[in-house]
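Results of the structural survey
Here's the letter readout for the chains.
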There are 2 protein chains.
Amino acid sequence: MKCTICNQKAALHLEHHNLALCSDHFPEWMCKQTERTIQKYSMFRRDEKLLLAVSGGKDSLSLWDILWKLGYHADGIYLDLGIDQGTRYSCTSGEMAQAFAAQRGLNLTVLDIRAKYGESIPEMGARTKRGHQKPCSQCGLVKRYLLNKAALDGGYDAILTAHNLDDEAAFLFSNLTHWSMQYLGRQHPLLPATTGFARKAKPFCLLYERETTAYAYLNNIAYVYSECPYATGSKQLRNKTYLNRLEDEQIGFKYQFYTGYLRALEAGAFPAGQETPEVLEQYRCTNCGQPTLSDGLCTFCRLVKKN
Amino acid sequence: MKCTICNQKAALHLEHHNLALCSDHFPEWMCKQTERTIQKYSMFRRDEKLLLAVSGGKDSLSLWDILWKLGYHADGIYLDLGIDQGTRYSCTSGEMAQAFAAQRGLNLTVLDIRAKYGESIPEMGARTKRGHQKPCSQCGLVKRYLLNKAALDGGYDAILTAHNLDDEAAFLFSNLTHWSMQYLGRQHPLLPATTGFARKAKPFCLLYERETTAYAYLNNIAYVYSECPYATGSKQLRNKTYLNRLEDEQIGFKYQFYTGYLRALEAGAFPAGQETPEVLEQYRCTNCGQPTLSDGLCTFCRLVKKN
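In this text the structure is predicted, and so the values were computed from the model without any measurement.

If you tally the helices and strands in chain A, you get 13 helices and 10 strands. Relative to its length of 307 residues, chain A is compact, with a C-alpha radius of gyration of 20 Å against a globular reference of 19 Å. For chain A, the spread of C-alpha atoms along the three principal axes comes to 65 × 45 × 40 Å. Considering only residue pairs separated by 6 or more positions, chain A has 65% of its internal contacts joining residues 24 or more positions apart.

Below, the structure written as structure tokens:
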């Protein structure tokens, strides 16, 4: 197969776009597509100060690379979750993120959860009542809270995450099959800033995982290959498997599924879930001052204070 | 396992209801559940004249049996679609339906599509441009049109179909993954009558397929076992397979999925799809007088007039 643009040997066949691209034109296309998504949803501008959540994986390092090439000013933040049992997962991820930043002279803040709050994510998980289960819900809570806090404390205009189309389609699938109305009302590529919450944007939301992987590969970006050891057997991974089958049967399925949702959202679907956090979170945490759902400590402070 | 009510040997374990029932109490429970659904959605009353779409399968014959036992007055209508190539599918189905009605002294109208309109469903499918494909869309159109016409012409208060929870969950899954907003706004167990359209109700919508199958078996109802030969490899069957896996992993998944949708619908999700047919269908078919989307013949009359 030949590159649609230059007729050289194609590196990737993007069937859903009816496009084949070589190893030169595919990375260019990725930059253009990312810029298009940023503009389409008015995510952020070149004169704004951005904070990117960097995990050391293919998605966040590829996005950081593209933002840098496109002339956006994004600092990185790496949360060391302390997930290392036997796998050195967090350790390796952190090393990859730091090497990437050093090579390009980019700013990376490393926040060691255990050093700062006394416990790693697995330790927090083990201490709570559901300690026999995986610490994924605690991990999600900690990441959301600390990324938002870092953005607010650092005076950033927006926080970016590198969730790709496969991630978004899997979240959507889960939210739809469980009718999580609050999430269904707000699973948008751009969430504007509200009191106590930084603006959030997902510039990779319309790009397939195989595209971000190919970008990292073709640009010689060294990233952590392994998944989080707690991801094995997770519902998110299972949903991705279902969606992969649907994609196999119908090219472009995930793209249609996710963009169809965005159109439905714009047409007024899920109005009950579109309440902004201010409506829901009318209290202030007595420890950190963040908006919360009830009087007293917020869920993050309850989790770490129990220690 | 013992029956939760009488402690005799259980015939069926209804895990999602945390209930085990014997061969006497399970059919009783099915009647109660059906009555509960009829009341919950104010579907119809005992003094109304009802028309049930009877296919000769386990669902429609079980529903007819239960309605009869509950004291509702439902006549049956069997549409002979002429799907018989090698399988005698329509032929056998019709015989099952007629034998059932005769045993109970119930009224069954048999409408032979080919005798009335000159062509069987496979012949209609073969004639249209997409004749190389399965005739499922033509079949759906013909059934919807003729059932509605039979209800209106016969002065019936409502038309009933025996779609079960597995059917409804699979429709919903398909409508959600493709964001079919018009269907998503109207996939309700009860659709009230509107100009030109009879009231439609689905009293089995909250019962699993394995429950309707068990009911038919325990009541010695002879029904056609085979699926329509065109159903093999259909998207509806494929969706059912996905949902069966989700049900295996999470007991009661389909029930939660479908009732969650009904709650979302009541909370105002999918407002764009909730337009009544009158809003959309402002014209009248120049042949049959049915409301249509555009001037001239309705889709049914276009299909059969081309012959």
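Attention now moves to the sheet that holds strand β6 (residues 158-160) of chain B. Residues and elements named next belong to chain B. Pairing is mixed across the open sheet formed by 6 strands, whose spatial order is β5-β4-β3-β6-β8-β7. Every interior strand has two partners, whereas the edge strands, β5 (108-112) and β7 (190-191), have only one. Two elements, β6 and strand β8 (residues 199-201), share 3 bridges in a ladder whose sense is parallel. Following the sheet pairing, Ala158 is matched in β8 by Arg199. Contacts from helix α3 (residues 89-104) reach β4 (73-80) and β5, with the element oriented near 160° to β4. Contacts between helix α6 (residues 136-153) and the sheet are confined to β3 (49-53), β4, β5 and β6, with β4 contributing the most and set at about 140° to the helix.

Here Ala150 of chain A shows up in helix α6 (residues 136-153). Between the alpha carbons of Ala150 of chain A and Leu79 of chain A there is a distance of 11 Å; along the sequence they are 71 residues apart.

Laying chain A over chain B is done by rotating through 180° and shifting 0.0 Å along the axis; what remains is an RMSD of 0.0 Å. What the superposition gives is, in effect, a two-fold axis relating one chain to the other. Minimal C-alpha separation from the rotation axis in chain A is found for Ala269 of chain A, amounting to 2.4 Å. Looking at chain A, 100% of its interface residues are interface residues in chain B too, so the copies touch through the same face.

Residue and element names in this part refer to chain A. You will see that Asn18, though not glycine, has its phi angle at about 50°, which is positive. Residue position: Asn18 is located in the loop between β1 (12-14) and β2 (19-21). The exposure class assigned to Asn18 is exposed, which follows from the 10 C-beta atoms found within 10 Å. One non-glycine residue, Trp179, adopts positive backbone phi at about 50°. Mapping Trp179 onto the fold places it in the loop between α7 (165-177) and α8 (181-184). A count of 21 C-beta atoms within 10 Å places Trp179 in the buried class.

A common way to state how big an interface is: give the accessible area lost once the parts meet. Residue and element names in this part refer to chain A. Under the domain assignment used here, chain A contains domain 1 (27-273) and domain 2 (275-307). Computed from C-alpha coordinates alone, the two centres of domain 1 and domain 2 are separated by 23 Å. The partner domain 2 presents 10 residues to the 12 residues of domain 1 that form the contact. Sort the elements by how many residues they give to the side of domain 1 that touches domain 2 and α6 lands first, with 4 residues. Here the side of domain 1 that touches domain 2 is built from residues that sort into 6 nonpolar, 5 polar and 1 charged.

This next bit is on the pairing of strand β3 (residues 49-53) of chain A. All names here are of chain A. Judged by how many residues are buried, β3 sits mostly within the fold: 4 of 5 residues are covered. Two strands pair when backbone bridges link them, and β3 and strand β4 (residues 73-80) are joined in this way by 5 bridges, in the parallel orientation. Pairing of Lys49 across the sheet is with His73, part of β4. Of the pairings in the sheet, the one linking β3 to strand β6 (residues 158-160) comprises 3 bridges and is parallel in character. Each residue of the ladder has a partner; that of Leu51, found in β6, is Ile159.

With that settled, the discussion passes to the interface of chain A and chain B. Taken together, the contacts link 18 residues of chain A with 18 residues of chain B. Those elements that place two or more of their residues in the side of chain A that touches chain B are α7, α10 (235-249) and α11 (253-266) of chain A. If one sorts the elements of the side of chain A that touches chain B by residue count, α11 of chain A sits on top with 5 residues. In terms of residue class, the side of chain A that touches chain B is built from 13 nonpolar, 4 polar and 1 charged.

Residue and element names in this part refer to chain B. Two numbers describe how helix α7 (residues 165-177) lies on helix α11 (residues 253-266): the axes approach to 9 Å, and their chain directions differ by 60°. Classified by the angle between their axes, α7 and α11 sit oblique to one another. You can see that α7 and α11 cross each other, and the crossing is left-handed. Judged by residue contacts, Leu165, Asp166, Glu168, Ala169 and Leu172 of α7 engage Lys254, Tyr255, Phe257, Tyr258 and Tyr261 from α11. Looking at the contact of α7 with α11 residue by residue, the class counts come to 7 nonpolar, no polar and 3 charged.

Residue and element names in this part refer to chain A. The contact between helix α1 (residues 25-40) and helix α9 (residues 209-218) brings their axes to 10 Å, and the two run at 125°. The angle between α1 and α9 places the two elements in the oblique class. In the packing of α1 onto α9, the handedness of the crossing is left-handed. In this structure, α1 contributes Phe26, Pro27 and Met30 to the contact, and α9 contributes Glu211, Ala214, Tyr215 and Leu218. Class assignment of the residues belonging to the contact of α1 with α9 gives a composition of 6 nonpolar, no polar and 1 charged.

With that out of the way, let us pick up the confidence of the model for chain A. The predicted model of chain A averages 91 in pLDDT, with 95% of residues at 70 or higher. Both scores are given for the predicted complex: the pTM is 0.85, the ipTM 0.77.

Residues and elements named next belong to chain A. Judged by pairing direction, the sheet is mixed, and its 6 strands sit side by side in the order β5-β4-β3-β6-β8-β7 without closing on themselves. Two strands bound the open sheet, and with one partner strand each, they are β5 (108-112) and β7 (190-191). Here α6 sits on the sheet in contact with β3, β4, β5 and β6, set at roughly 140° to β4.

What counts and what doesn't
The written sequence of each chain sets the order in which its residues are numbered from 1. Naming scheme: in the order in which they are written, chains are lettered from A and ligands are numbered from 1. Two thresholds apply to this predicted model, a pLDDT of at least 70 for residue-level local features and 80 or more for giving and counting side-chain atom pairs, whereas whole-chain, interface and lining totals are computed over all residues. For helices the rule is a DSSP run of H or I covering at least 4 residues; for strands it is a run of E covering at least 2, with both sets numbered from the N terminus onward. We take the radius of gyration over the C-alpha atoms and set the globule estimate at 2.2 Å times the residue count to the 0.38 power. The contact rule is simple: place each C-beta atom from the backbone, and if two of them lie within 7 Å, those residues are in contact. Paired strands, in this sense, are two strands between which DSSP finds at least two bridges. Only C-alpha atoms enter the line fits that serve as axes; for helices the fit covers just the stretch in contact. Angles between N-to-C directions range over 0 to 180 degrees. Least-squares fitting of one copy onto the other uses the C-alpha atoms of those residues that reach a pLDDT of at least 70 in both copies. Backbone-placed C-beta atoms define the burial measure: a residue is buried with 20 or more other C-beta atoms within 10 Å of its own, exposed with 12 or fewer, and partly exposed in between. Where each domain starts and ends comes from a domain assignment, either automatic or drawn from a database. Just so you know the grouping, Ala, Val, Leu, Ile, Met, Phe, Trp, Tyr, Cys and Pro go in nonpolar, Asp, Glu, Lys and Arg go in charged, and all remaining residues, Gly too, go in polar. Working definition: roughly parallel below 35 degrees, roughly antiparallel above 145 degrees, roughly perpendicular at 65 to 115 degrees, and oblique for all remaining angles. Left-handed describes a crossing whose near helix is turned anticlockwise from the far helix through less than a right angle; right-handed describes the clockwise counterpart. pLDDT gives the predictor's per-residue confidence on a scale running from 0 to 100.

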